[in-house]
Amino acid sequence: FLAHRDVLTGLPNRAQFARMLGDAVERSQNTGVGMAVLLFNIDRFKDVNDSYGHSIGDEVLRHVSTRMQEALRSGDIIGRLAGDELCVVAQSLNGRQAAVEVAERLMEAAAMPWSTPDGLSVVVSVSAGICLYPEHALTAEELLQGAHAAVYGAKARGSNAWCFFHEDMTQAARERLALEGSLRQALQLGHMRLYCQPQIDLQSGRLIGAEALVRWLDPEEGLISPARFIPVAESTGVIGPLGLWVLNEACRQGQEWRSAGLPDLRIAVNVSLHQFLLTDIVGEAAQVLQSTGFPASQLELEITESALAERPEEALAVLNRLRDLGLRLAIDDFGTGYSSLAHLKRFPLDLLKIDQGFIRDIPNSGDDMTISSSVSALGHAMGLKVLA
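Numbering of residues starts from 1 in every chain and runs along the sequence as written. Local features in a predicted model are, by the rule used here, given only for residues with pLDDT of at least 70; side-chain atom pairs are given and counted only at 80 or more, and totals for whole chains, interfaces and linings are based on all residues. To get the side-chain values, all heavy atoms of the structure are used, and hydrogens and water are removed first.

Chemist: Explain the overall build of the protein to me, please; I cannot follow it from the model alone.
Modeler: Along the backbone of the protein there are 14 helices and 15 strands. Viewed in the frame of its principal axes, the protein has a C-alpha envelope of about 80 × 55 × 45 Å. Burial here depends on accessible area, computed with a 1.4 Å probe over protein chains only, as a share of the maximum for the residue type. Under 20% is buried, over 50% is exposed, and the range in between is partly exposed. Across the 388 residues that make up the protein, the buried fraction comes to 47%. Only heavy atoms enter the contact rule, under which two residues are in contact if any of them lie within 4.5 Å. Counted over contacts in the protein with a minimum sequence separation of 6, partners at least 24 positions apart contribute 66%. Note on areas: Shrake-Rupley, 1.4 Å probe, and residue coverage restricted to the protein chains presented here. Of the accessible surface of the protein, which amounts to about 19,300 Å², a share of 52% is contributed by carbon and sulfur atoms. Comment: elements are numbered from the N terminus, with helices defined as DSSP H or I runs of at least four residues and strands as E runs of at least two.

Chemist: Looking at this structure, I do not really get the packing of helix α3 (residues 54-70) against helix α4 (residues 96-110). What am I missing?
Modeler: The axes of two packed helices give the description: the angle between them and the distance between them. All axes are obtained by fitting lines to C-alpha atoms, using only the stretch in contact for helices, and the reported angles, taken between N-to-C directions, cover 0 to 180 degrees. As a packed pair, α3 and α4 sit with axes 8 Å apart at the nearest point and diverge in direction by 140 degrees. As far as their axial angle goes, α4 and α3 are oblique. As for how α3 packs across α4, the hand of that crossing is right-handed. For the pair formed by α3 and α4, the contact residues are V64, R67 and M68 on the first element and L106, A109 and A110 on the second. All residues other than Ala, Val, Leu, Ile, Met, Phe, Trp, Tyr, Cys, Pro, Asp, Glu, Lys and Arg, Gly among them, are scored as polar; the first ten of these are nonpolar and the last four charged. Of the residues contributing to the contact of α3 with α4, the split by class is 5 nonpolar, no polar and 1 charged. An angle counts as roughly parallel when it lies under 35 degrees, as roughly antiparallel when it exceeds 145, as roughly perpendicular when it falls between 65 and 115, and as oblique in every other case. By convention the crossing between two helices is left-handed if the near helix lies anticlockwise of the far one by an angle smaller than a right angle, and right-handed if it lies clockwise.

Chemist: What exactly am I supposed to notice about the sheet that holds strand β7 (residues 162-164) here?
Modeler: Pairing is mixed across the open sheet formed by 5 strands, whose spatial order is β2-β3-β1-β6-β7. The two strands at the open ends of the sheet, each matched to only one other strand, are β2 (77-82) and β7. In this sheet, adjacent strand axes meet at a mean angle of 20 degrees when their direction is disregarded. Here, any two strands with at least 2 DSSP bridges between them count as paired. Summarising the sheet, strand β1 (residues 35-42) and strand β3 (residues 85-90) pair through 6 bridges and their orientation is antiparallel. Bridging from a neighbouring strand, L38 pairs with V88 of β3.

Chemist: Whenever I open this one, the nonpolar core confuses me. Can you help?
Modeler: Nonpolar cores were defined as sets of buried Ala, Val, Leu, Ile, Met, Phe, Trp, Tyr and Cys residues, with membership established by side-chain atoms within 4.5 Å. Counting residues in each nonpolar core, the largest one holds 53 residues, and the members touching the most others are M192, V269, F276, L299, L301, I303 and L322. Per-element tally for this core: the top contributor is helix α8 (residues 239-259), with 6 residues. In this structure L301 touches L247, V269, V271, I281, L322, L327, R328, L329 and A330, once residues within four positions along its chain are discounted. Of all hydrophobic cores here, the second largest spans 36 residues; its members include I42, V64, L72 and V124.

Chemist: Looking at this structure, I do not really get the packing of helix α2 (residues 45-52) against α3. What am I missing?
Modeler: Relative orientation of the contacting elements α2 and α3 amounts to 135 degrees, with a least axis distance of 7 Å. Relative to α3, α2 is oriented oblique. Along its contact with α2, which presents F45, V48, N49 and Y52, the element α3 presents H54, I56, G57, V60 and L61.

Chemist: I'm lost on α2 in this one. Help?
Modeler: Each turn of an α-helix holds 3.6 residues, which means side chains three or four residues apart point in the same direction. Restricting attention to buried positions, one finds in α2 the residues F45, V48 and N49. Projected down its long axis, α2 shows its buried positions confined to an angular sector of 95 degrees, all on one face. Contacts from the buried residues of α2 go to β1, α3 and β5 (121-122). The first or second residue beyond α2 is G53, which carries a positive phi of 100 degrees. The arc in question is traced by the directions running from the helix axis to the C-beta atoms.

Chemist: Sorry if this is basic, but what is going on with the state of the cysteines here?
Modeler: A covalent bond bridging the sulfur atoms of two cysteines is what the word disulfide describes. Counting rule for disulfides: a pair of cysteine sulfur atoms within 2.5 Å. Under the definition given, this model contains 0 disulfides. In this model C87 remains outside any disulfide bridge; the closest cysteine sulfur is found in C131, 9.9 Å from its own.

Chemist: I tried to follow the pattern of salt bridges on my own but got confused; where do I start?
Modeler: Pairs may arise between side chains of opposite charge once their charged atoms sit close together. In the sections that follow, a salt bridge refers to a side-chain nitrogen of Lys or Arg positioned within 4 Å of a carboxyl oxygen of Asp or Glu. Scanning the model with the defined rule gives 19 salt bridges in all. As a salt-bridge pair, R323 and D350 come within 2.9 Å of each other at their nearest N and O atoms. Separated by 27 residues along the polypeptide, R323 in helix α12 (residues 312-324) and D350 in the loop between α13 (340-346) and β14 (351-354) bring together distant segments of the chain. For R323, a relative accessible area of 29% corresponds to the partly exposed category. One salt-bridge network, in which partners are shared between bridges, spans E211, E302, D332 and K353.

Chemist: Is there a simple way to explain unusual backbone geometry in this structure?
Modeler: Negative phi is the rule for most residues except glycine; trans is the rule for most peptide bonds. With an omega of 5 degrees, the peptide bond running from Y133 to P134 counts as cis. Notably, R44 is not glycine yet its phi reads approximately 50 degrees, a positive angle. For R44, the location among the structural elements is in the loop between β1 and α2. Although it is not a glycine, S92 adopts a positive phi angle of roughly 45 degrees. Along the polypeptide, S92 turns up in the loop between β3 and α4. Assessed through its relative accessible area of 58%, S92 is described here as exposed.

Chemist: So what exactly am I meant to see when it comes to a nonpolar patch on the surface here?
Modeler: Patch definition: residues above 30% relative accessible area lacking any salt bridge, with like charges linked at up to 9 Å and the nonpolar side chains Val, Leu, Ile, Met, Phe, Trp and Tyr linked at up to 5 Å. There is a patch of nonpolar side chains on the surface, built from F1, L2 and V7 and spanning about 410 Å² of accessible area. Take V7: it is sitting in the segment before α1 (14-31).

Chemist: What exactly am I supposed to notice about α12 here?
Modeler: In a regular helix each residue adds 1.5 Å, so 13 residues correspond to 18 Å; α12 covers 18 Å between its end C-alpha atoms and thus fits that length. Turning to α12, its buried residues are A315, L316, V318, L319 and L322. Immediately beyond the C-terminal end of α12, within one or two residues, lies G326, with a positive phi of roughly 100 degrees. For a helix, the expected span equals 1.5 Å multiplied by the residue count minus one.

What follows is the structure in structure tokens.
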């Protein structure tokens with residue numbers, strides 16, 4: 001029994017589910033009747049484990065699998081593939097609308113609250129990827145692969161969403177994998193480059209600082225835009241080592257300029273949302289400053305509004321520890337995130353950066369001029385420097 005079943009939920013495990021899916025595909029081939037594979041992924045399940053502990057997380061997972069099992073149609077199969085992934089084979093099913101109805105019924109079942117005897121209630125949602133036989137794929141392996149790709153499409157739409165597979169997803173996944181491999185190699189082989197964008201004081205015209213920008217100089221492709229590789233770095237965990245390289249290189253370069261007798265320049269380094277929340281940014285900054293000798297007061301970390309909004313209490317603790325190191329802190333892309341004024345009031349910030357989307361059309365756009373002058377006035381009223 002244990003060889004074929006998941007210990008926690010009692011559902012078929014990955015190996016057993018794959019065999020059952022293979023049998024279902026064979027039946028559909030013989031009868032000519034369609035079917036669907038639906039992959040369900042619990043949204044933000046890590047937050048449940050982090051907030052309540054893994055034993056509660058296990059109970060919630062067991063609850064979700066039981067509710068979904070009860071909501072299955074007769075003859076449909078459900079299994080647990082991995083941590084928070086449940087997969088369903090909906091047999092004898094033709095057409096997209098029928099697949100959507102199955103997905104939505106199972107999503108509704110998964111969203112039923114789980115409660116403890118002492119009144120703690122946890123509600124989760126799931127995202128669903130749908131791959132149809134024979135429309136999207138013809139083998140068990142391809143159907144699973146398609147459902148996997150589609151669930152990422154669903155998550156990109158936000159939580160509690162479903163998405164059908166389409167061929168572009170597989171191509172995009174292949175490209176992402178290839179780019180990830182090349183990016184890891186580029187880091188090891190020293191193909192990354194640091195470009196510095198000057199920051200000018202408008203009143204005096206003086207150069208007062210520089211923003212460090214990372215570029216990838218590939219020997220074959222030439223310069224690869226950050227718009228292509230930063231999202232891949234963020235979604236695969238490469239952002240950790242890449243962000244650390246940028247921080248180290250920026251401080252090393254800054255110290256080199258100081259040693260050459262050049263006037264002190266502030267160097268601003270962008271910190272990605274994932275880097276800010278998922279790595280030890282405080283420890284890394286302290287270690288880099290110590291190893292390069294660059295003064296903390298000359299280093300400015302730029303954090304996006306979305307990073308502050310994602311987990312405000314955690315963000316506040318991290319910002320206070322960074323401030324204790326003596327760093328300057330900037331809020332990036334101001335005006336594009338959420339509860340901006342609350343952030344300005346609560347967080348220990350030195351600098352406000354107006355997002356380039358509000359700057360690009362000045363002086364042709366009256367709206368952009370109004371927004372920019374208002375943000376500028378707001379920043380100055382709160383004792384912050386303002387950068388456009």
